[in-house]
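Structural overview
Listed here are the chains, written in short residue letters.
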Amino acid sequence: MAKFDAIGGPAAAFKPYLEPGEQLRNVAYGVKQPHILVIALTGPIGAAIWTKEYLVALTDRRIIALRFKGSKVEVQEVLEYRLNSLPQAKTSTGAIFTHIKITDPAKPFVVKFHRMGPAPQNRENAMAIAAALSGKAA
């Protein structure tokens with residue numbers, strides 16, 4: 001799991017990816033895990049190998065997802081979706097997880113955010129991002 005204090009907090013990871021004048025609103029830590037059967041067959045080591053970690057940010061213009069590796073948040077992939085031309089998104093919030101799925105044929109994205117993620121106020125930020133994607137007021 002990432003140690004966000006080492007990089008100046010989760011919001012600091014987005015500084016190189018922001019456009020001039022773009023305002024960061026919410027940042028949340030999420031994961032994409034393999035299917036439960038894969039986890040059952042391979043155990044915790046397999047789950048750790050195939051789990052992808054993300055930092056997801058809502059700005060005044062975009063949703064930006066950084067897939068990273070390691071405790072120092074080494075960015076492996078950057079996905080971005082403009083809010084004014086957002087593909088179809090499905091969101092849900094339960095007792096433990098907030099789920100987001102963006103169904104873009106070119107760059108699909110699925111992530112779930114635990115209510116107690118390592119980022120400060122992870123649940124509130126994940127819910128605000130989900131609300132922006134679903135068109136509901138946060």
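Scroll up to find the structure.
Let us look at the structure shown here. Here the structure is a predicted model, which is why all the values come from computation and not from measurement.

1. Side note on the layout of surface pockets
- The computed volume of the largest pocket comes to approximately 180 Å³.
- When contributions to the lining of the largest pocket are tallied by element, the ones reaching two or more residues are helix H1 (36–50), strand E2 (52–59) and strand E3 (62–69).
- Element by element, the count of residues in the lining of the largest pocket is highest for E3, at three residues.
- Of the residues that constitute the lining of the largest pocket, the class distribution is three nonpolar, three polar and four charged.

2. Description of the packing of aromatic side chains
- For the structure shown, the criterion picks out two aromatic pairs.
- Between tyrosine 29 and phenylalanine 68 the ring centres are 6.2 Å apart and the planes differ by 50°, which places this aromatic pair in the tilted class. With tyrosine 29 in strand E1 (residues 24–32) and phenylalanine 68 in strand E3, the pair connects residues that are 39 residues apart, well separated along the chain. Of the two residues, tyrosine 29 and phenylalanine 68, both sit in the buried class.
- Ring centres 5.0 Å apart and planes at 85° place the aromatic pair tyrosine 54 and phenylalanine 109 in the edge-to-face group.

3. Comments concerning the pairing of strand E7 (residues 109–114)
- The pairing of strand E6 (residues 97–102) with E7 spans six bridges and is classified as antiparallel. For isoleucine 102, the partnering residue across the bridge sits in E7 and is phenylalanine 109.
- Taking the residues between adjacent antiparallel strands as the criterion, E6 and E7 are bridged by six residues.

4. Describing the side chain of aspartate 104
- Within the fold, aspartate 104 resides in the loop between E6 and E7.
- This buried residue, aspartate 104, is left without a salt bridge; lysine 107 holds the nearest opposite charge, at 4.9 Å.
- Side-chain polar atoms of aspartate 104 contact the backbone nitrogen of alanine 106, separated by 3.0 Å.
- Discounting chain neighbours no more than four positions away, the residues touching aspartate 104 are Tyr81 and Pro87.

5. With respect to the environment of proline 34
- Looking at the element boundaries, proline 34 is found in the loop between E1 and H1.
- As a C-alpha pair, proline 34 and threonine 51 span 17 residues in sequence and 6.3 Å in three-dimensional space.
- When near neighbours in sequence (up to four residues on either side) are disregarded, proline 34 contacts Ile39, Ala47, Trp50 and Thr51.

6. Some details on the pattern of salt bridges
- If you walk through the whole model with that rule in mind, you get six salt bridges.
- Among the ionic pairs, glutamate 19 bridges to arginine 62, the shortest N-O distance being 3.9 Å. With glutamate 19 in the segment before E1 and arginine 62 in strand E3, this residue pair connects regions lying 43 residues apart in the sequence.
- With relative accessibility at 3%, the residue arginine 62 sits in the buried group.

7. Some thoughts on the environment of threonine 42
- Following the sequence through the fold, threonine 42 ends up in helix H1.
- Sequence-distant contacts of threonine 42, defined by excluding residues within four places in its chain, comprise Ala47 and Trp50.
- Side-chain polar atoms of threonine 42 contact the backbone oxygen of valine 38, separated by 2.7 Å.

Criteria and thresholds
Residues numbered from 1 in each chain as written. Predicted model: local features only at pLDDT ≥ 70, side-chain atom pairs only at ≥ 80, totals over all residues. Heavy atoms only, no water. 1 Å grid on protein atoms, 1.4 Å probe; cavity = no way out; pocket = protein on both sides within 12 Å on 5 of 7 lines; lining within 4 Å. Points joined across faces, edges and corners; volume = space filled by probe spheres on them. Helix = DSSP H or I, 4+ residues; strand = E, 2+ residues; numbered from the N terminus. Nonpolar A, V, L, I, M, F, W, Y, C, P; charged D, E, K, R; others polar. Phe/Tyr/Trp six-rings, centres within 6.5 Å; stacked < 30°, edge-to-face > 60°. Buried < 20%, exposed > 50% of the residue type's maximum accessible area, 1.4 Å probe, protein only. Pairing = 2+ DSSP bridges. Lys, Arg positive; Asp, Glu negative; His and termini not counted. Salt bridge = Lys/Arg side-chain N within 4 Å of Asp/Glu carboxyl O. Polar contact = N/O pair within 3.5 Å; in protein donor to acceptor, adjacent residues only side chain to side chain. Contact = heavy atoms within 4.5 Å.

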